[in-house]
Amino acid sequence: MGGRPPQAPDPEPAKPEPGAQRNFTDSDSRIMKDGATKEFAQAYNAQAAVDGEAQVIVAAAVTQQTNDKKQLVPMLEQVEAMTGSQPQQVTADAGYFSEQQVSEAKLERIDLFVAPDGQKHGEEKPWATGPPPSDASAAERMRHKLRTAEGRAVYKLRKAVVEPVFGQIKEQRGFRRFLLRGLTCVEGEWKMICATHNLLKLFRSGWRPQRA
């Protein structure tokens, strides 16, 4: 048969950019730093918003972002969509703080307690009284707020609200890695884990559905 003679393909277009990386097991995952071990791994960023009274998860998501700085607004929007109303108060650790997020107009009716800075164990911050300076930045106003008597009292409850939930999922239920691959499947797996967490909370509290 006729036709043009075969030619070797040009290898240049197929060469990866310097420093380019791709995980062949799960290309949707990203290299992230483990907060507990400080080691790097292919991972996802699992999010959960937790009710302050019953430790029930009211919003959940999985992202490819390596930190939480852009997650405050999306998570609180999801809380409103799931519950039908905005929360009155919200606490979040320093990983969620960004001036853009805490200044978002959508959150202006929520009493936010989001630390701009991390705090070492046993470290004592100076107390604050009165209003912050009129020219203070969003971060400065938040630091002032968290050093007031009310701010300290509200923020310290965070450790008894959301942190135990992740501990219960990891330690009591042994869930430490996703079994599925791909962002869509992983998010579905995480939401199923969160749903079963809620069912266990309801069961152990003695709650029973009302019969019609």
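Just so it is clear, the structure is predicted and the values come from calculations on it, not from any experiment. (Residues numbered from 1 in each chain as written. Predicted model: local features only at pLDDT ≥ 70, side-chain atom pairs only at ≥ 80, totals over all residues. Heavy atoms only, no water.)

Q: Just give me the short version of the packing of aromatic side chains, but keep the residues and values in it.
A: The final tally for this structure, using the stated rule, is five aromatic pairs. Among the aromatic residues, those joined into a cluster by ring pairs are Tyr44, Phe166, Phe175, Phe178 and Trp190. Across from the ring centre of phenylalanine 113, 4.3 Å away, lies the NZ or CZ of lysine 145, which sits over that ring. Taking NZ or CZ as reference, arginine 152 lies 4.0 Å from the ring centre of tryptophan 127, over its face. (Phe/Tyr/Trp six-rings, centres within 6.5 Å; stacked < 30°, edge-to-face > 60°. Lys NZ or Arg CZ within 6 Å of the ring centre and 35° of its normal.)

Q: Please provide a residue-by-residue account of the side chain of glutamine 101, values included.
A: Inspection of the secondary structure assignment puts glutamine 101 in helix H2 (residues 99–102). At 2.9 Å, the side chain of glutamine 101 forms a polar contact with the backbone nitrogen of valine 73. Leaving out residues up to four positions away in the same chain, glutamine 101 has contacts with Lys69, Lys70, Gln71, Leu72, Val73, Pro74 and Leu107. (Helix = DSSP H or I, 4+ residues; strand = E, 2+ residues; numbered from the N terminus. Polar contact = N/O pair within 3.5 Å; in protein donor to acceptor, adjacent residues only side chain to side chain. Contact = heavy atoms within 4.5 Å.)

Q: Could you give an account of the packing of helix H5 (residues 163–172) against helix H6 (residues 183–205), naming the residues involved and the relevant values?
A: Across the interface, H5 lies against H6 with an axial gap of 11 Å and an inter-helix angle of 100°. Viewed along their axes, H5 and H6 adopt a mutual orientation that is roughly perpendicular. In this structure, H5 contributes Val165, Phe166, Gln168, Ile169 and Gln172 to the contact, and H6 contributes Trp190, Ile193, His197, Lys201 and Arg204. Per-class residue counts for the contact of H5 with H6 are five nonpolar, three polar and two charged. (Axes fitted to C-alpha atoms, helices over the stretch in contact; angles between N-to-C directions. Parallel < 35°, antiparallel > 145°, perpendicular 65-115°, else oblique. Nonpolar A, V, L, I, M, F, W, Y, C, P; charged D, E, K, R; others polar.)

Q: Which residues make up a nonpolar patch on the surface, and what are the values?
A: On the surface, Leu199, Leu202 and Trp207 cluster together into a nonpolar patch covering about 310 Å² of accessible area. The exposure class of tryptophan 207 is partly exposed, given its relative accessible area of 46%. (Patch = residues over 30% accessible without salt bridge, like charges linked within 9 Å, V, L, I, M, F, W, Y side chains within 5 Å. Areas by Shrake-Rupley, 256 points an atom, 1.4 Å probe, with all protein chains shown as cover. Salt bridge = Lys/Arg side-chain N within 4 Å of Asp/Glu carboxyl O. Buried < 20%, exposed > 50% of the residue type's maximum accessible area, 1.4 Å probe, protein only.)

Such coordinate-based values are descriptive only and should not be taken to indicate function.
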